[in-house]
Amino acid sequence: MKKVLLMVVLLLAGYSYSQNNTDPKLEKVGKLIKATYYHDNGEIAQTGYMLQGELHGQWFMYDVNGKKVASGKYNKGAKDGKWFFWDDQILREVDFANNQITNVKNWNQSEIVSIH
């Protein structure tokens, strides 16, 4: 459980802001702001929505090569529902309620049938 929490913190810290000051792209979509953050190499690091300055709705996170490493939903700044974290041959399914981890399930490649 501590490893998953540490991984979540590291992912968010590492992908939140690129070191070469690549400017994030912010677009107004109705009441929401669509935010896209970039790695130093120009690849997308994170993309998702904000509502009144808080992360809100679906977010996707990618490594420097453009491979998806995490996805999940925020509800007014708090992680909520199912999040998925990809790490080599392991997929971690992490359930959140009110920004707290409630369950963690690890899937290896042989157990995964299909994830969309």
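Keep in mind the model is a prediction, meaning the values are calculated, not measured.

K.L.:
Any details on the confidence of the model for the chain? Residues and values, ideally.
P.N.:
As a general rule, the predicted coordinates of low-pLDDT regions are not to be interpreted in detail. Considering every residue of the chain, the mean pLDDT works out to 83; 75% of them sit at 70 or more. In the predicted structure, residues 1-11 sits below a pLDDT of 50 and forms 14 contacts with residues beyond four places in sequence or in another chain. Confidence over residues 15-19 falls short of pLDDT 50; this stretch has 13 contacts with residues more than four positions distant or in other chains.

K.L.:
How would you explain the nonpolar core if you had to name every residue and give the values?
P.N.:
Grouped together as the largest cluster of nonpolar side chains are 13 residues, with contacts concentrated most on W59, M61 and W83. Looking at this core, the elements with two or more residues in it are β2 (32-38), β4 (54-62), β5 (68-75), β6 (78-87) and β7 (90-97). Per-element tally for this core: the top contributor is β5, with three residues. If near-sequence neighbours (up to four positions away) are discounted, W59 is found in contact with A35, Y37, Q46, T47, G48, Y49, M50, A70, S71, G72 and Y74.

K.L.:
Lay out the pattern of salt bridges with the relevant residues and their values.
P.N.:
Oppositely charged side chains may form a pair once their charged atoms are brought near each other. A full pass over the atoms with the stated rule returns four salt bridges. The partner of K25 in a salt bridge is E27, and the shortest N-O contact between them spans 3.8 Å. E93 is the partner of K82 in a salt bridge, and the nearest nitrogen-oxygen pair spans 2.8 Å. Of this pair, K82 sits in strand β6 while E93 sits in strand β7, and the two are 11 residues apart along the sequence. Of the residues examined, K82 reaches a relative accessible area of 42% and is grouped as partly exposed.

K.L.:
Account for the sheet that holds strand β3 (residues 44-51), with residues named and values stated.
P.N.:
Strand order in the open sheet formed by eight strands is β1-β2-β3-β4-β5-β6-β7-β8, and the pairing between neighbours is antiparallel. Either end of the sheet is taken by a strand with one partner, and the two such strands are β1 (25-29) and β8 (100-108). Taking the axes of each pair of neighbouring strands and ignoring which way they run, one obtains an average angle of 10° across the sheet. Pairing between β2 and β3: six bridges, direction antiparallel.

K.L.:
So what's going on with the environment of L51? Residues and values would help.
P.N.:
Mapped onto the elements, L51 comes out in strand β3. Here the alpha-carbon distance between L51 and L32, two residues 19 residues apart in the chain, equals 5.1 Å. With residues up to four places along the chain from it excluded, the contact list for L51 reads K31, L32 and H56.

K.L.:
Run through the pairing of β4, naming residues and quoting values.
P.N.:
Looking at chain direction, β3 and β4 are connected through five bridges and run antiparallel. When the bridges of β4 are listed, T47 appears paired with F60. What sits between the antiparallel neighbours β3 and β4 is a turn of two residues, in which Q52 has the positive phi angle 50°. Summarising the sheet, β4 and β5 pair through six bridges and their orientation is antiparallel. Across the sheet, residue M61 finds its bridge partner in β5, namely A70.

About the criteria used
Residues numbered from 1 in each chain as written. Predicted model: local features only at pLDDT ≥ 70, side-chain atom pairs only at ≥ 80, totals over all residues. Heavy atoms only, no water. pLDDT = per-residue confidence, 0-100. Contact = heavy atoms within 4.5 Å. Core = buried A, V, L, I, M, F, W, Y, C linked by side-chain atoms within 4.5 Å. Buried < 20%, exposed > 50% of the residue type's maximum accessible area, 1.4 Å probe, protein only. Helix = DSSP H or I, 4+ residues; strand = E, 2+ residues; numbered from the N terminus. Salt bridge = Lys/Arg side-chain N within 4 Å of Asp/Glu carboxyl O. Pairing = 2+ DSSP bridges. Axes fitted to C-alpha atoms, helices over the stretch in contact; angles between N-to-C directions.

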